[in-house]
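One letter stands for each residue in the lines below.
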Amino acid sequence: MPVLPTSFSPATVSRVALVNAVANGLIVVTGGLVRLTGSGLGCPTWPRCTDESFVATPELAGHGAIEFGNRLLTFVLTAAAVATVVAVWRSPRRDLRPLALLTFLGIPAQALLGGVTVLTGLNPWTVAAHFLVSAVLVALATTLWLRSREPGVGQPLLRRPFVLLIAGIAAVTGVVLVLGTIVTGSGPHSGDVPEDPAAAPVRMGFDPELVSQLHADVVFLLLGLTVSLLVALYATDSPGRVRRAARDLLIVQLAQGVVGYVQYFTDLPIALVLLHMLGAVLITAYTARLVWSVRGPASELPVGTPSKTATATR
């Protein structure tokens with residue numbers, strides 16, 4: 001048997017953490033594909049695919065293959081999470097351990113929630129919870145990867161008003177994601193093709209137009225906060241890492257907004273809805289990056305601390 005090294009290098013930890021972050025985002029998109037193709041009950045039970053088989057059977061046709069394929073990706077995600085935990089634990093970076101452990105523990109939690117989702121016939125509330133937990137895991141995995149690329153966590157690089165504004169952006173992003181699941185849960189894509197084509201899928205019961213408008217209103221609030229932050233950062237000559245994080249987040253937000261409006265006015269075509277889900281993953285990751293950027297590496301000086309060079313020249 002191969003013997004694991006006693007210690008992993010920072011570069012190795014960072015590469016493994018990146019794979020873990022990408023896997024967490026990818027499974028959200030493939031989960032969206034399952035729902036949009038009506039394959040949510042392609043495997044009608046859980047943890048088996050059918051009452052007699054753990055794998056999809058020919059009788060389940062394409063829907064069964066799509067749903068079972070998404071279940072198989074859970075094992076890929078598990079392998080990435082386990083590798084991340086092992087790499088972190090065998091490195092000097094003790095500060096990364098809580099994040100690595102949380103991303104790993106999120107997988108069995110998601111598996112159980114996914115099982116409940118199947119056993120309840122794709123109840124839209126459990127589907128929404130399934131996505132939101134995935135979003136949290138994407139944020140954690142992204143933060144873990146970003147932190148692994150630096151020697152440690154340093155002091156805040158911004159003053160308190162900026163930190164509070166960034167926290168507000170993160171909170172409003174969470175509200176946008178929650179409202180997005182409500183819009184989806186009130187719309188036509190239920191995730192399963194009913195046996196009776198005339199039967200209405202089980203939805204959350206909200207007026208789709210009303211919740212869509214509410215979702216759009218909060219998105220405008222989010223854009224306004226992000227623009228305000230970016231203007232303030234450039235006006236005060238704040239650290240470049242924070243400016244870049246805010247700029248990139250705004251770009252992703254604007255692109256996501258365009259996709260959202262186009263999909264709404266074109267009656268929610270599957271391709272655009274799937275692209276919108278990818279956008280939600282990216283917004284989650286880039287928001288996590290913005291929050292991460294507030295603190296510099298361990299070698300950075302805290303806000304308001306004069307540098308040694310400046311002190312020596314006085």
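Residues numbered from 1 in each chain as written. Predicted model: local features only at pLDDT ≥ 70, side-chain atom pairs only at ≥ 80, totals over all residues. Heavy atoms only, no water.

Our next topic: the packing of aromatic side chains. Taken as a whole and judged by the stated rule, the model has four aromatic pairs. Between Phe 220 and Tyr 261 the ring centres are 6.5 Å apart and the planes differ by 50°, which places this aromatic pair in the tilted class. Taken together, the positions of Phe 220 in helix α6 (residues 208–235) and Tyr 261 in helix α7 (residues 240–265) put the pair 41 residues apart, joining distant regions of the chain. For Phe 220, a relative accessible area of 47% corresponds to the partly exposed category. Taken together, a centroid distance of 5.1 Å and an interplanar angle of 85° make the contact between Tyr 264 and Phe 265 edge-to-face. Look at Phe 265 and you get exposed, because its relative accessible area is 61%. Members of the aromatic cluster, connected to one another through ring pairs, are Phe 220, Tyr 261, Tyr 264 and Phe 265. The aromatic ring of Trp 292 is capped on one face by Arg 241, whose charged end is 4.1 Å from the ring centroid. Here the guanidinium or amino end of Arg 243 rests over the ring plane of Tyr 234, the centre of that ring lying 5.0 Å away. (Phe/Tyr/Trp six-rings, centres within 6.5 Å; stacked < 30°, edge-to-face > 60°. Helix = DSSP H or I, 4+ residues; strand = E, 2+ residues; numbered from the N terminus. Buried < 20%, exposed > 50% of the residue type's maximum accessible area, 1.4 Å probe, protein only. Lys NZ or Arg CZ within 6 Å of the ring centre and 35° of its normal.)

Attention shifts here to helix α2 (residues 61–89). Counted at 1.5 Å a residue, the expected span for α2 with its 29 residues is 42 Å, and the 43 Å between its end C-alpha atoms agrees. Of the surrounding secondary structure, the elements contacted by the buried residues of α2 are α1 (10–36), α3 (97–119) and α4 (124–148). (Expected span 1.5 Å × (residues − 1). Contact = heavy atoms within 4.5 Å.)

Here we take up the environment of Gly 25. Looking at the element boundaries, Gly 25 is found in helix α1. For Gly 25, a relative accessible area of 10% puts it in the buried group. Those residues in contact with Gly 25, other than ones at most four positions away along the chain, are Val 138 and Val 281.

Let us now look at the packing of α2 against α3. For the pair α2 and α3, interaxial distance at closest approach is 8 Å and the crossing angle is 160°. Relative to α3, the element α2 is oriented roughly antiparallel. Where α2 crosses over α3, the two elements pack in a sense that is left-handed. Residue-level contacts link Glu 67, Arg 71, Thr 74, Leu 77, Thr 78, Ala 81, Val 82, Thr 84, Val 85, Val 88 and Trp 89 of α2 to Arg 97, Ala 100, Leu 101, Thr 103, Phe 104, Ile 107 and Val 118 of α3. (Axes fitted to C-alpha atoms, helices over the stretch in contact; angles between N-to-C directions. Parallel < 35°, antiparallel > 145°, perpendicular 65-115°, else oblique. Left-handed = near helix turned anticlockwise from the far one by under 90°.)

We now examine the confidence of the model for the chain. Taken over all residues, the pLDDT of the chain has a mean of 85, while the share at 70 or more is 88%. For residues 307–314, every residue scores under 50 in pLDDT, and the model assigns this stretch three contacts once sequence neighbours within four places are set aside. (pLDDT = per-residue confidence, 0-100.)

Our next topic: a nonpolar patch on the surface. A cluster of nonpolar side chains, Phe 220, Tyr 261, Tyr 264 and Phe 265, forms an exposed patch at the surface whose accessible area comes to about 460 Å². Looking at which element gives the most residues to the nonpolar patch, the answer is α7, with three residues. (Patch = residues over 30% accessible without salt bridge, like charges linked within 9 Å, V, L, I, M, F, W, Y side chains within 5 Å. Areas by Shrake-Rupley, 256 points an atom, 1.4 Å probe, with all protein chains shown as cover. Salt bridge = Lys/Arg side-chain N within 4 Å of Asp/Glu carboxyl O.)

Apart from glycine, the bulk of residues carry a negative phi angle, and the bulk of peptide bonds sit in the trans form. One non-glycine residue, Asp 237, lies in the positive phi region at around 55°. Structurally, Asp 237 can be placed in the loop between α6 and α7.

Among the nonpolar cores identified, the biggest contains 24 residues, and Leu 158, Ile 166, Leu 229, Leu 233 and Leu 290 are the most heavily contacted of them. Put simply, the parts of the chain that give this core at least two residues each are α5 (160–186), α6 and α7. Each residue touching Leu 233, except ones within four places of it in the same chain, is listed here: Leu 158, Phe 162, Ser 238, Val 242, Arg 243 and Ala 246. One finds Phe 8, Ala 87, Val 88 and Leu 96 within the second-largest nonpolar core, a separate group that totals 12 residues. (Core = buried A, V, L, I, M, F, W, Y, C linked by side-chain atoms within 4.5 Å.)

Time to look at the pattern of salt bridges. For the structure on display, the rule yields six salt bridges. Among the salt bridges present, the one from Glu 150 reaches Arg 241, with a minimum N-O distance of 2.7 Å. Highlighted residues: Glu 150 in the loop between α4 and β1 (153–156) and Arg 241 in helix α7, separated in sequence by 91 residues. In this structure, Glu 150 and Arg 241 share a single accessibility class: buried. Asp 248 is the salt-bridge partner of Arg 289, the closest N and O atoms lying 2.6 Å from each other.

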